[in-house]
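Overview (structure and organization)
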Amino acid sequence: MACRAANSSIIELNISMIEQCITKKNLSLGKLIHGRLLKSALTLHTLLANRLLDMYSKCGTFDHAQALFDEMPHRNHQSWNTLLGALSRAGHLHAARQLFDEMPERNLVSFNTMISSLAHSGHQKEALSLFRRLRRDSMVDEKMDRFTVVAVAMACAGLEDLHAVRQLHAAVVVSGLEMNLIMSNVMIDAYGKCGDAEASSSLFDRMGPRDVVSWTSLIGAYARANQLDKACQLFERMPVRNSVSWTALISGHEQHGHEAVALELFQRMMEERVEPTPFTLVSLLSACARLGLIGRGTELHGYIVRRHPFNLFEHNALIDMYAKCGNISLATKVFAEMPERDFISWNSMVTGFAQNGHGEQSLRVFRSMIDEGVKPNNVTFLAVLSACSHAGLVSEGRQVLRMMEEYNLVPKPEHYAAFIDALGRKRQLSEAMEFVERLHLGGGMDAIGVWGALLGACQVHGDLELAKKAAESLFVLDPENGVRYITLSNIYSAAGRWDDARRLRAVMKEKGLKKDPGCSWIEVRSIKHVFVAEDKSHFAVEEIYGMLSLLVDQMKQREESDSFRHFVEYLVKFQVMNGPD
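Quantities reported herein were computed from a predicted structural model and do not represent experimental measurements.

**A closer look at the overall build of the chain**
Helix and strand counts for the chain stand at 32 helices and two strands. The proportion of buried residues among the 581 residues of the chain is 45%. Counting only contacts in the chain whose residues sit at least 6 apart along the sequence, the fraction spanning at least 24 positions is 56%. Looking at the chain as shown, the accessible area adds up to about 30600 Å², and 53% of this sits on carbon and sulfur atoms.

**What about helix α14 (residues 228–237)?**
Buried within α14 are the following residues: L228, A231, L234 and F235. What you see down the axis of α14 is that its buried residues fit within an arc of 125°, all on one side. When the buried face of α14 is taken as reference, the exposed residues oriented beyond 90 degrees from it are D229, Q233 and R237. Close packing links the buried residues of α14 with α12 (197–206), α13 (212–224), α15 (243–255) and α16 (259–271).

**Notes on the nonpolar core**
Core analysis: the biggest nonpolar cluster contains 140 residues, and I18, M55, M114, I115, L168, M187 and I219 have the highest contact counts within it. Not counting residues within four places of it along the chain, the set of residues in contact with M55 comprises I18, C21, I22, L27, G30 and K31.

**Examining the side chain of R106**
When you line up the elements, R106 lands in the loop between α6 (93–102) and α7 (108–120). With no salt bridge to any partner, buried R106 finds its closest opposite charge in D137, at an N-O distance of 4.8 Å. In terms of polar contacts, R106 uses its side chain to reach the backbone carbonyl oxygen of D101, at 3.1 Å. In this view, R106 contacts H77, F100, D101, F111, R133 and V140; residues no more than four positions away in its chain are not counted.

**Overview of the packing of aromatic side chains**
Applying the stated criterion across every chain yields a total of eight aromatic pairs. Each ring, one from F335 and one from W346, has its centre 5.1 Å from the other, and the planes form 80°; the classification is edge-to-face. Of this pair, F335 sits in helix α20 (residues 328–337) while W346 sits in helix α21 (residues 343–355), and the two are eleven residues apart along the sequence. For the pair F335 and W346, a shared accessibility class is recorded, and that class is buried. Both rings, one in F381 and one in Y407, keep their centres 6.1 Å apart while their planes meet at 55°; by these two values the pair is tilted. Here the residue F381 occupies a position in helix α23 (residues 378–391), and Y407 occupies one in the loop between α24 (394–406) and α25 (413–425), the gap between them amounting to 26 residues. One cation-aromatic arrangement involves R75 over F69; the distance from NZ or CZ to the ring centre is 4.2 Å.

**Some details on the packing of helix α8 (residues 124–136) against helix α9 (residues 146–159)**
Between α8 and α9, whose axes approach to 9 Å, the crossing angle comes to 140°. One way to sum up the angle between α8 and α9 is to call them oblique. Read as a crossing pair, α8 and α9 show a hand that is left-handed. Counting all contacts with α8, which are made through Q124, K125, A127, L128, F131 and L134, the residues of α9 involved are T148, V152, A155, C156, G158 and L159. When grouped by side-chain class, the residues that make up the contact of α8 with α9 number eight nonpolar, three polar and one charged.

**A look at the pattern of salt bridges**
Throughout the structure, instances matching the rule amount to 16 salt bridges. Of the charged contacts in the structure, one is a salt bridge between R133 and D101, with a shortest N-O distance of 4.0 Å. Of this pair, R133 sits in helix α8 while D101 sits in helix α6, and the two are 32 residues apart along the sequence. Taking the relative accessible area as the measure of exposure, D101 reaches 42% and is therefore partly exposed. The salt bridge partner of E198 is K230, with a shortest N-O separation of 3.5 Å. Note that E198 is positioned in helix α12 and K230 in helix α14, a separation of 32 residues in sequence. Each of R97, D101, E126 and R133 takes part in one network of salt bridges that share partners.

**Structural notes on the environment of R290**
Looking at the element boundaries, R290 is found in helix α17 (residues 278–291). Here R290 falls in the partly exposed class, since its relative accessible area comes to 43%. Within the local environment of R290, its side chain forms a polar contact with the side chain of E259, the two groups lying 2.8 Å apart.

**Topic: the packing of helix α4 (residues 62–71) against helix α5 (residues 77–89)**
When two helices pack together, their arrangement is given by the angle between the helix axes and by the axis-to-axis distance. Relative to each other, α4 and α5 sit at 155°, their axes nearing to 10 Å. By the criterion of interaxial angle, the relationship of α4 to α5 is roughly antiparallel. Crossing hand, α4 versus α5: left-handed. Residues F62, A65, Q66 and F69 of α4 pack against S79, W80, L83, A86 and L87 of α5. Here the residues of the contact of α4 with α5 are counted per class, giving seven nonpolar, two polar and no charged.

**Some words on the confidence of the model for the chain**
Chain-level statistics for the chain give a pLDDT mean of 81 and a share of 75% at 70 or above. Every residue in residues 1–6 is under pLDDT 50, and counting partners more than four places away or in other chains gives zero contacts. Every residue in residues 573–581 is under pLDDT 50, and counting partners more than four places away or in other chains gives 17 contacts.

**Thoughts on the environment of V350**
Here V350 is to be found in helix α21. Note: C-alpha distance between V350 and S386 (36 residues apart in sequence) is 10.0 Å. Sequence-distant contacts of V350, that is, excluding residues within four places in its chain, are made with S362, V365, F366, T380, A383 and V384.

**Focus: α7**
With 13 residues, α7 extends 18 Å between its outermost C-alpha atoms, agreeing within 8% with the 18 Å of an ideal straight helix rising 1.5 Å per residue. Taken across its 13 residues, α7 has ten buried, putting it largely inside the fold. The elements touched by buried residues of α7 are α5, α6, α8 and α9. For α7, the side-chain oxygen to backbone nitrogen distance between the N-cap and V109 is 3.2 Å, and the N-cap itself is N107. Within two residues after α7, G122 carries a phi angle of roughly 85°, on the positive side.

**With respect to unusual backbone geometry**
Unlike most non-glycine residues, N226 shows phi in positive territory, near 60°. Mapped onto the fold, N226 is located in the loop between α13 and α14. The backbone of N408 sits at a positive phi, close to 55°, despite the residue not being glycine. On the basis of relative accessible area, N408 is assigned to the exposed category, the value being 72%.

Thresholds applied
- Residues numbered from 1 in each chain as written.
- Predicted model: local features only at pLDDT ≥ 70, side-chain atom pairs only at ≥ 80, totals over all residues.
- Heavy atoms only, no water.
- Helix = DSSP H or I, 4+ residues; strand = E, 2+ residues; numbered from the N terminus.
- Buried < 20%, exposed > 50% of the residue type's maximum accessible area, 1.4 Å probe, protein only.
- Contact = heavy atoms within 4.5 Å.
- Areas by Shrake-Rupley, 256 points an atom, 1.4 Å probe, with all protein chains shown as cover.
- Arc of directions from axis to C-beta.
- Core = buried A, V, L, I, M, F, W, Y, C linked by side-chain atoms within 4.5 Å.
- Lys, Arg positive; Asp, Glu negative; His and termini not counted.
- Salt bridge = Lys/Arg side-chain N within 4 Å of Asp/Glu carboxyl O.
- Polar contact = N/O pair within 3.5 Å; in protein donor to acceptor, adjacent residues only side chain to side chain.
- Phe/Tyr/Trp six-rings, centres within 6.5 Å; stacked < 30°, edge-to-face > 60°.
- Lys NZ or Arg CZ within 6 Å of the ring centre and 35° of its normal.
- Axes fitted to C-alpha atoms, helices over the stretch in contact; angles between N-to-C directions.
- Parallel < 35°, antiparallel > 145°, perpendicular 65-115°, else oblique.
- Left-handed = near helix turned anticlockwise from the far one by under 90°.
- Nonpolar A, V, L, I, M, F, W, Y, C, P; charged D, E, K, R; others polar.
- pLDDT = per-residue confidence, 0-100.
- Expected span 1.5 Å × (residues − 1).

This is the structure in structure tokens:
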């Protein structure tokens, strides 16, 4: 009895010392304790071995944990679960799954560890499949706890699977499991990401205590559902706001086309001295890109340089913003200074050069991307084909289409449309028509973009017969698009066939089809001013028209040639207006 009591005291003392090593992450002392236990054969004791296993796993020395586990003569649930957790934390998902399958017995902790690891590493379908397996497993008494709910809800949110969220919620209700704060928050978020903001709101209303995560999750749900008024009202009611709350509201407005409101919200955020997150700044840069506000974008760039360590997402957003605003040189500078790049970085540069009319540079970046071992995707190839189109590089375009097969990518209608546009720009209309016909024979691709590209090429080169074929196909495929009728009408007019042109305009009028007017804009002191034809809504309209009239008079005085008079008449007709700045 005395010997047993002494051994018990020794075991308790060693467990206490190992716990201290775990708390303080003192691996050196832990190894000394392990060595001493080996000499006394106490590592044969499963409880001590489990604590050592836990110490090695939490100190990040996975190899030691694996070696100890392999040497253990007796293992229990805790032994297997501890190593499973160590493998999962170390990112060895395949090894963790293999160990899970080898376990002689599994309990709820084993399932929770594996489900959570799968959900966090982007394998949401596998996580849900494992949860269903847990529900069917007769050897596991407990079917779920709060850790299960949190992990499965995350997987449902990642998949945007509303049906799965509802099933999970029903299972929680049936099980009688009480919803705590964390569970409620994650379910509100899951319903929101799956598009059911009303379910998120209902859960929120039934909650007892709430924290800032609860409020922010519901704001995010409303924002994703484009219920921005409700999101704003809830935001104003929040007792405490943080940077994540602001970001949820800002990104919601940016993603639903309210870029100007997003920028105004950011100004308020700065006035309240709330530090933006990298996600806030990425949303704002995207807003500037869509609005063409390079001034505001440059200000944000300066703010990031002064206040934030750059991350990959911010760099990518800056490249996209500068490229879309037309300053490809600054986009190139940001790209060159990046410490790391991903395929989005390369895609942005390939696309940026293509959008700004630099076809050769776009192709050079594309080749460098391939040389660096970065795998292009459909977006990359579309950008390269567009670059080939704008630069008239037909042979390069053919080569790019063939390259898609090497990467197991199937060209979409927009890829073919870009190549047809390249053929059209080089006046190879017969070959473009043959290419379209081959597409039909190969798979019956009656794509709007393909015919639209051919019709555009016919307009440039005045090929009336091919234009009629392309337009007739478009009238069937896209009957509500008035642009097609106007394009063919203009081709008729250019060919002197005024009756046909008038007939098409009459058809448009009969069907109630209209062409959306184009617009011009200018950024003055970080504010975007937008104008459409015959626009008189601007607050400075009198000054603008006055300056336009003055400029037209000065141009008339300086140049009286017929061609220049035609240009001036065109300018006046379409009211292309810029402010005095």
